[in-house]
Amino acid sequence: MPFLILVPLVLVVVWVISQYNFFVSSKARIKAAVQEIGNQLKRQADLIPNLEASVKGYMKQETKVFTMLTDARKQITSAVASGDVQKMSDAGSQLAAVLPKLQIAVEDNPEIKSDTVVARLMDELRDTSDKVMYARRLVIDLTADYNVKRAVFPTNLVANMFKFEEQKGLITPDSGEHMEVSASETSSPKINL
Amino acid sequence: MQNIYEVAAANKRKSFIIMGLFVVFVTAAVYFLTQAFSLYFGYEAGGLGFVGLALIISGISSIGSYYYSDKIVLAISRARPADKKRDYHFYTVTENLALGAGLPMPKLYVIEDTAMNAFATGRNPEHAVVVATTGLLSYLSRTELEGVIAHELTHIKNYDILLMSIVTVLVGMIALLADMFLRMSYFGGSSRKKEGGGALVLIGFVFALLSPFIGQLIKLAISRRREFVADAGAVAITRQPAGLISALDKIAHDHEPLEAANKATAHLYIENPFKNKIGDARGNFASLFNTHPPVEERIKALQKMA
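Residues numbered from 1 in each chain as written. Chains lettered and ligands numbered in written order. Predicted model: local features only at pLDDT ≥ 70, side-chain atom pairs only at ≥ 80, totals over all residues.

Draft legend 1. Expanded view of helix 8 (residues 198-238) of chain B. Residues and elements named next belong to chain B. Relative to the 60 Å expected for 41 residues at 1.5 Å per residue, helix 8 spans 59 Å between its end C-alpha atoms, a close match to the ideal helical length. Residue L210 marks the point of greatest curvature in helix 8, where the axis turns by about 45°; the proline P212 follows within four residues. Following helix 8 by one or two positions, R239 adopts a phi angle in the positive range, close to 60°. (Helix = DSSP H or I, 4+ residues; strand = E, 2+ residues; numbered from the N terminus. Expected span 1.5 Å × (residues − 1). Bend = angle between axes of the 7 residues up to and from the residue.)

Draft legend 2. View of the interface of chain A and chain B. At the junction of the two partners, chain A supplies 10 residues and chain B supplies seven residues. If you list the elements that add at least two residues to the side of chain A that touches chain B, you get helix 1 (2-55) and helix 5 (116-151) of chain A. By residue number, the principal contributor to the side of chain A that touches chain B is helix 5 of chain A, which donates eight residues. Counted by class, the side of chain A that touches chain B contains three nonpolar, no polar and seven charged residues. (Contact = placed C-beta atoms within 7 Å. Nonpolar A, V, L, I, M, F, W, Y, C, P; charged D, E, K, R; others polar.)

Draft legend 3. Examining the sheet that holds strand 3 (residues 118-121) of chain B more closely. All names here are of chain B. With mixed pairing, the four strands of this open sheet are ordered in space as 1-2-4-3. Because the sheet does not close on itself, it has two edges, and the strands there are strand 1 (80-81) and strand 3. As defined by bridge partners, strand 3 adjoins strand 4 (residues 129-133) across four bridges and the pair is classed as antiparallel. Across the sheet, residue A120 finds its bridge partner in strand 4, namely V130. Relative to strand 3, helix 6 (residues 142-157) is tilted by about 20°, and along the sheet it contacts strand 3 and strand 4. (Pairing = 2+ DSSP bridges. Axes fitted to C-alpha atoms, helices over the stretch in contact; angles between N-to-C directions.)

Draft legend 4. Summary view of the environment of M19 of chain B. Residues and elements named next belong to chain B. One can find M19 in helix 1 (residues 4-41). The exposure class of M19 is partly exposed, given the 17 C-beta atoms found within 10 Å. Sequence separation of M19 and N290 is 271 residues, and the distance between their C-alpha atoms is 17 Å. (Buried ≥ 20, exposed ≤ 12 C-beta atoms within 10 Å, placed from the backbone.)

Draft legend 5. The nonpolar core, seen in detail. Counting residues in each nonpolar core, the largest one holds 80 residues, and the members touching the most others are I76 of chain A together with L97, A118, V130, V131 and V148 of chain B. The element best represented in this core is helix 5 of chain A, accounting for 10 residues. Not counting chain neighbours up to four residues away, the residues in contact with V148 of chain B comprise A118, L136, L140, L244, A247 and I270 of chain B. In terms of nonpolar packing, the next biggest core, distinct from the first, is built from 23 residues, F22, L33, L39 and L170 of chain B among them. (Core = buried A, V, L, I, M, F, W, Y, C linked by C-beta atoms within 7 Å.)

Draft legend 6. Structural detail: the pairing of strand 4 of chain B. Residue and element names in this part refer to chain B. Among the five residues of strand 4, five are classified as buried, and the element is accordingly described as predominantly covered. Residues V129, V131 and T133 of strand 4 are buried on one face, and the alternating residues V130 and A132, pointing to the opposite face, are buried as well. Note: strand 2 (residues 107-111) against strand 4, five bridges, orientation parallel. Bridge pairing in strand 4 links L108 to V130.

Draft legend 7. Structural detail: the packing of helix 8 of chain B against helix 11 (residues 295-305) of chain B. All names here are of chain B. Packing of helix 8 against helix 11 leaves a shortest axis separation of 10 Å and a crossing angle of 35°. Classified by chirality, the crossing of helix 11 by helix 8 is right-handed. Along its contact with helix 8, which presents E227, F228, D231 and V235, the element helix 11 presents R298, A301, L302 and M305. Taken together, the residues of the contact of helix 8 with helix 11 break down into five nonpolar, no polar and three charged. (Left-handed = near helix turned anticlockwise from the far one by under 90°.)

Here it is in structure tokens:
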């Protein structure tokens, strides 16, 4: 008879342990993933001045794009120096916004476009912004998994028992330009072929 | 319009149903075959000894291929290791997606073949290998390549290679068991044959005849289901169904078979490497024997997520 009570009890304990371990390891993984964003941004900040220098000769006329690129890079460098991941992440998105403009500048100029050094620059820039994007994605996914498990039954019982707090992940500001849709953005894009 | 979480949950459910069916089938086949063995040959519980024997034989061959799958496949397909300079997009895309999926960076290899295909192998994420053909790398854009690689990484993340190895071992075991039964019954049963077990022997006989075939069909159904799971998983990593859709479209329109592929490795590829064209009426029947679902169905499933 005691066997009949013992077996479910052992199963419950094993389950609670596995859930506890999920929460603990998730927290550690989220922390590591946030640091990874910092790593990737540092890599970005190191890479861009090198690339800039190698193509500067070709792109003298594109001064506006260059100023934007330099500004974004400066922001990243100072954010990386501050060590604040949120700041780094914001600076990273600023750089991501410059890239399409740079791309257009390159596409418009066949002479530049055919140059392999510039092609390489564009590849590297895309790759580096992809890396930051995927590093952010990982933080978002891990945080979502953690927070969902923390909220749903029955895992919420374990989360409450051991007081696992909600993970914030990356904070996106609630207000600002990215939350607003301008009139021009709602109209369908015109494409001329 | 379904979101990727719903798709992933539905896929998981269907996967579990097929695998549950498989477990029931294996248990039933083993049960009836062993019962028939012991009745037919006249000794008690002797059938289980045969199960053990079949499991060991089938296991040795498959565990070998499972442990060394990466090395065997690479040797067969004559792949060369990828390097960052030469295969820039292949290398960096995998690096980025592994980062996004939270997986260690897999080893990368390239097959010099103009046919477009890619596959993943290796027993766990730490020993994973992703292989692509030069055809795939040169015809796909970076966004399309991301879709394909994310599909392969999902196979790795879901331990699909392990799953298919286990399924192969079990199907192989049943085939061996059935084969033993049929061969032995050919030589005639023991003279100590018991009375009254006729029906059970008959069931055992039917199972012996049909189960290798049914086992194979269920195995292929599992393989096809895992492709849908991997497609949905790829979208969960890249959030861009369009990339994988246009990649699948391009791969489907490439009719060149991959010379390095063989039946043993077919389920590993992103798309059926043999490129057999299927018709309508016969196609439905023939599709039961495919390791991959038709590309149109995969694209339809992906478009629902877009």
